[in-house]
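Architecture at a glance
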Amino acid sequence: MLVEIQPPWKIYFDGSSYREGPGTGVVFFTSYGEVLLYSLALTLHCSNNIAEYQALLLGVEIAIDMNGHLYFLVATEYFTKWEEAISLREVKKENVPNFIRVNIIYYFNIRRYILIDNGKPFDNKLMTKICDLFCFKQQNSSMYYAAANGLTEAFNKALFILLKKVVSKSKRDWYEIMGEALWEYRTTYHMPIQETPYSLIYGVEVVLPLKCPIPLLRLAI
């Protein structure tokens, strides 16, 4: 099991006033390099300074609408490629132990090893306490461990692509529909494992909504 916290997003904003009218623009850079663009035309003529100030307000408003969710906490099961992910408003030392306990141990079972990156949220007394409580070992990832290198990064790119498909046009509720994106990822056939992560975890294929009208023994039971 590999657990990582992704870095925060970055925001850039600018505004300017032209003869045709003032406008503002805001750019968000996600933790894995994707770009979200927002622009707004102002109805009242104003100076460049006022336009830049309006761009700042627009960026803050969008960030607030995102409810402050700027971080990802991601766990990958190495064999099945099953992914667990949550969004976080801020990184606290209790985030990781709670995530491991609630999203991994309570749903599945106790892992023998959990491989983590070298971030500070993983190196604290709470992590040591939960390792002792559930009797698993915590190991730091190595840049020379080719089998796991890039595993979480590859999932991050796939998750962002899925989020762009299911997110609303405003692009502001991505953290609310992450479960849908994860479900699509888990039920999709993956070439490296020649199966879906869902089938490897549960031993059967998922019953998709489009199969519900078809008479199936699993649905009858």
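Every value quoted in this text rests on a predicted model; they were computed, and no experiment measured them. (Residues numbered from 1 in each chain as written. Predicted model: local features only at pLDDT ≥ 70, side-chain atom pairs only at ≥ 80, totals over all residues. Heavy atoms only, no water.)

1. Here we look at the confidence of the model for the protein
For the protein, the average pLDDT comes to 76, and 76% of its residues sit at 70 or higher. Mean pLDDT across the elements of the protein bottoms out in strand E1 (residues 2-5) (58) and peaks in helix H6 (residues 197-202) (89). (pLDDT = per-residue confidence, 0-100. Helix = DSSP H or I, 4+ residues; strand = E, 2+ residues; numbered from the N terminus.)

2. With respect to the pattern of salt bridges
Inspection of every chain in the model, using the stated rule, returns two salt bridges. Between Arg111 and Glu77 there is a salt bridge, with the nearest N and O atoms lying 3.3 Å from each other. Within this pair, whereas Arg111 is found in the loop between helix H2 (95-105) and strand E7 (113-116), its partner Glu77 is found in the loop between strand E5 (71-76) and strand E6 (83-88), the two being separated by 34 residues in sequence. In this pair, the class of Arg111 matches that of Glu77, namely buried. Salt-bridge contacts for Glu84 lead to Arg186; the nearest nitrogen and oxygen are separated by 3.3 Å. Placement of the pair is Glu84 in strand E6 and Arg186 in helix H5 (residues 178-186), with a sequence separation of 102 residues. Each member of the pair, Glu84 as well as Arg186, carries the same accessibility label: buried. (Salt bridge = Lys/Arg side-chain N within 4 Å of Asp/Glu carboxyl O. Buried < 20%, exposed > 50% of the residue type's maximum accessible area, 1.4 Å probe, protein only.)

3. Here's the deal with the environment of Glu195
Here Glu195 lies in the loop between H5 and H6. In this structure, the C-alpha to C-alpha distance between Glu195 and Thr80, residues 115 residues apart in sequence, is 8.6 Å. Here Glu195 is in contact with Thr188, Tyr189, His190, Leu200 and Glu205, once residues within four sequence places are set aside. At a separation of 3.2 Å, a polar atom in the side chain of Glu195 contacts the side chain of Ser199. (Contact = heavy atoms within 4.5 Å. Polar contact = N/O pair within 3.5 Å; in protein donor to acceptor, adjacent residues only side chain to side chain.)

4. A short note on the side chain of Asn124
As for its placement among the helices and strands, Asn124 is situated in the loop between E7 and helix H3 (125-134). Using a relative accessible area of 14% as the deciding quantity, one classes Asn124 as buried. A distance of 3.0 Å separates a polar atom in the side chain of Asn124 from the backbone nitrogen of Leu126. Reaching out from Asn124, the side chain makes a polar contact with the backbone nitrogen of Met127 at a distance of 2.9 Å.

5. A look at the nonpolar core
The biggest cluster of nonpolar side chains holds 22 residues, and the ones touching the most others in it are Phe28, Phe72, Phe155, Leu159, Leu163 and Trp174. Taken together, the elements giving at least two residues each to this core come down to strand E3 (21-29), strand E4 (35-41), helix H1 (48-65), E5, helix H4 (151-166) and H5. Tallying contributions element by element places H4 first for this core, with five residues. (Core = buried A, V, L, I, M, F, W, Y, C linked by side-chain atoms within 4.5 Å.)

6. Regarding a nonpolar patch on the surface
Together, Ile11, Phe13, Tyr53, Leu56, Leu57 and Val60 line one region of the surface with nonpolar side chains, adding up to about 500 Å² of accessible area. Listing elements by their share of the nonpolar patch, those giving two or more residues are strand E2 (10-18) and H1. It is H1 that provides the largest number of residues to the nonpolar patch, a total of four residues. Inspection of the secondary structure assignment puts Val60 in helix H1. (Patch = residues over 30% accessible without salt bridge, like charges linked within 9 Å, V, L, I, M, F, W, Y side chains within 5 Å. Areas by Shrake-Rupley, 256 points an atom, 1.4 Å probe, with all protein chains shown as cover.)

7. Considering the packing of aromatic side chains
Tallied over the full model, the rule gives four aromatic pairs. The interplanar angle of 80° and the centroid separation of 5.8 Å between the aromatic rings of Trp82 and Tyr202 together place this pair among those described as edge-to-face. Residue Trp82 is found in the loop between E5 and E6, and its partner Tyr202 is found in helix H6; the two are separated by 120 residues along the sequence. Among the aromatic residues, those joined into a ring-pair cluster are Trp82, Tyr107, Phe108, Tyr198 and Tyr202. (Phe/Tyr/Trp six-rings, centres within 6.5 Å; stacked < 30°, edge-to-face > 60°.)

8. Considering unusual backbone geometry
Residue Lys81 is not a glycine yet carries a positive backbone phi of 65°. Positionally, Lys81 belongs in the loop between E5 and E6. Positive phi values are uncommon outside glycine, yet Gln194 reaches one of about 60°. Residue placement: Gln194 occurs in the loop between H5 and H6.

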